[in-house]
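Here is what each chain is made of, one letter per residue.
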Amino acid sequence: MSDDPIAEVLLDTVTDISCMQAAAFAEAGTDVIFLGDDIGMQHTILMSESLYCDWLKPRLKKVIDAAKKIKPDIVVIYHSCGFVTPLIPHLIDAGIDVLNPVQPECMDFREIHDQFGDKLSFHGTIGTQSTMPFGTPDEVKREVFKNLDIASYKGGLLVAPTHMLEPEVPVENVVAYI
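Note that this is a predicted model, so its numbers are computed, not measured.

S.K.: What is the right way to read the overall build of the chain from this model?
M.R.: The number of helices and strands found in the chain is seven helices and five strands. Ordered by position from N to C terminus, the α and β elements of the chain give α-β-α-β-α-β-α-β-α-α-β-α. Compactness check: the chain gives a C-alpha radius of gyration of 17 Å against a globular reference of 16 Å for 178 residues, within 12% of the reference. With the C-alpha coordinates of the chain rotated into their principal frame, the extents come out at 50 × 40 × 30 Å. Counting over 178 residues, the chain shows a buried share of 44%.

Structure, rendered in structure tokens:
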């Protein structure tokens with residue numbers, strides 16, 4: 001924020017390396033690439049929408065374009081924890097295919113699926129800050145089926161825990177999820 005030329009050089013250098021990697025994966029025939037930045041916090045985006053559009057979106061698009069130029073059908077999964085709802089149209093515009101994760105503690109899956117489910121697929125929806133560690137097996141099952149039901153008319157959901165499962169998650173909840 002205080003030294004744009006240095007920030008530009010650093011971000012452009014990382015972008016150029018990421019473009020080379022994305023292109024190499026596409027040339028190797030990979031079906032999916034997984035990209036990400038944490039651009040959300042629990043209840044708000046990490047930066048203003050205009051800062052995101054100025055600094056990160058064009059660079060993300062450049063990386064995705066590098067892969068899709070070589071392999072147009074490559075699937076791009078994009079990771080950001082937290083609340084990213086205001087930035088989803090920009091992520092779609094940049095070329096992502098799947099948003100990972102959809103954290104129920106931060107975003108309403110029904111709302112984003114209704115709004116963006118015809119343009120985007122989703123991964124997650126089972127809370128690793130709530131349901132998985134603190135719910136009962138029946139609550140885990142209800143969450144899984146609720147989210148599958150939401151996605152049923154459009155599809156586009158890989159229902160899964162939103163992050164890695166920490167040691168405090170009861171085995172019974174993992175079995176219930178499966």
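Back to the write-up after that little detour.
S.K.: Explain the pairing of strand β1 (residues 32-36) to me, please; I cannot follow it from the model alone.
M.R.: Regular strands have side chains that alternate between both faces of the sheet. Burial along β1 is one-sided: Ile-33 and Leu-35 are buried, while Val-32, Phe-34 and Gly-36, pointing the other way, are not. As paired strands, β1 and strand β2 (residues 75-79) are joined by five bridges and run parallel to one another. Along β2, the bridge assignment pairs Phe-34 with Ile-77. Where the polypeptide runs from β1 across helix α2 (residues 49-70) and back to β2, its parallel neighbour, the crossover connection is right-handed.

S.K.: I keep staring at the pattern of salt bridges and nothing clicks. Help me out?
M.R.: Working definition: two side chains of opposite charge can pair if their charged atoms are close together. In this structure the tally under the stated criterion is nine salt bridges. Measuring nitrogen to oxygen at the nearest pair gives 3.1 Å for the salt bridge that ties Asp-97 to Lys-68. Remark: Lys-68 occurs in helix α2 and Asp-97 occurs in the loop between α3 (88-94) and β3 (98-102); sequence separation between them is 29 residues. Given the relative accessible area of 24%, Asp-97 is considered partly exposed. Among the charged side chains, a salt-bridge network with shared partners connects Asp-31, Lys-71 and Asp-73.

S.K.: Looking at this structure, I do not really get the sheet that holds strand β4 (residues 121-126). What am I missing?
M.R.: The strands making up a sheet associate through hydrogen bonds between their backbones, and the pairing can be parallel or antiparallel. The strand order across the open sheet formed by five strands is β1-β2-β3-β4-β5, and the pairing between neighbours is parallel. Looking at strand neighbours, the two that pair on one side only are β1 and β5 (157-161), the edges of this open sheet. Across this sheet, the average inter-strand angle for adjacent strands is 25 degrees, counted without regard to direction. Lying over the sheet, helix α6 (residues 137-151) contacts β4 and β5, oriented at roughly 160 degrees with respect to β5.

S.K.: Quick question: what am I supposed to make of the environment of Val-102 here?
M.R.: On the secondary structure map, Val-102 appears in strand β3. In this structure, the C-alpha to C-alpha distance between Val-102 and Gly-127, residues 25 residues apart in sequence, is 8.6 Å. Leaving out residues up to four positions away in the same chain, Val-102 has contacts with Met-107, Phe-109, Ile-112, Phe-122, His-123, Gly-124, Thr-125 and Thr-162.

S.K.: What am I meant to see in helix α4 (residues 109-116) here?
M.R.: Helical geometry: 3.6 residues make up each α-helical turn, so side chains three or four residues apart lie on a common side. Phe-109, Ile-112, His-113 and Phe-116 are the residues of α4 that are buried. Considered in projection along α4, the buried side chains sweep an arc of 100 degrees and stay on one side of the axis.

S.K.: Before we go on, may I ask you to explain the environment of Arg-59 in this structure?
M.R.: When you line up the elements, Arg-59 lands in helix α2. Between the C-alpha atom of Arg-59 and that of Met-47, which follows or precedes it by twelve residues, the distance is 16 Å. Apart from residues no more than four positions distant in its own chain, Arg-59 is found in contact with Glu-8, Leu-11, Asp-12, Thr-15 and Asp-54. A polar atom in the side chain of Arg-59 sits 2.9 Å from the side chain of Asp-12.

S.K.: Hey, could you run me through α6 in this one?
M.R.: Taking 1.5 Å of rise per residue, 15 residues should cover 21 Å, and α6 covers 21 Å from first to last C-alpha, within 8% of that figure. Among all positions of α6, only Val-140, Glu-143, Val-144, Asn-147, Ile-150 and Ala-151 are buried. Seen along its axis, α6 keeps its buried residues to an arc of 130 degrees; they face one direction. Of the residues in α6, the exposed ones pointing more than 90 degrees away from the buried face are Arg-142, Phe-145 and Asp-149.

Basis of the calculations
Residues numbered from 1 in each chain as written. Predicted model: local features only at pLDDT ≥ 70, side-chain atom pairs only at ≥ 80, totals over all residues. Heavy atoms only, no water. Helix = DSSP H or I, 4+ residues; strand = E, 2+ residues; numbered from the N terminus. Rg over C-alpha atoms; globule rule 2.2 N^0.38 Å. Buried < 20%, exposed > 50% of the residue type's maximum accessible area, 1.4 Å probe, protein only. Pairing = 2+ DSSP bridges. Right-handed = clockwise from strand over helix to strand, strands pointing away. Salt bridge = Lys/Arg side-chain N within 4 Å of Asp/Glu carboxyl O. Axes fitted to C-alpha atoms, helices over the stretch in contact; angles between N-to-C directions. Contact = heavy atoms within 4.5 Å. Arc of directions from axis to C-beta. Polar contact = N/O pair within 3.5 Å; in protein donor to acceptor, adjacent residues only side chain to side chain. Expected span 1.5 Å × (residues − 1).

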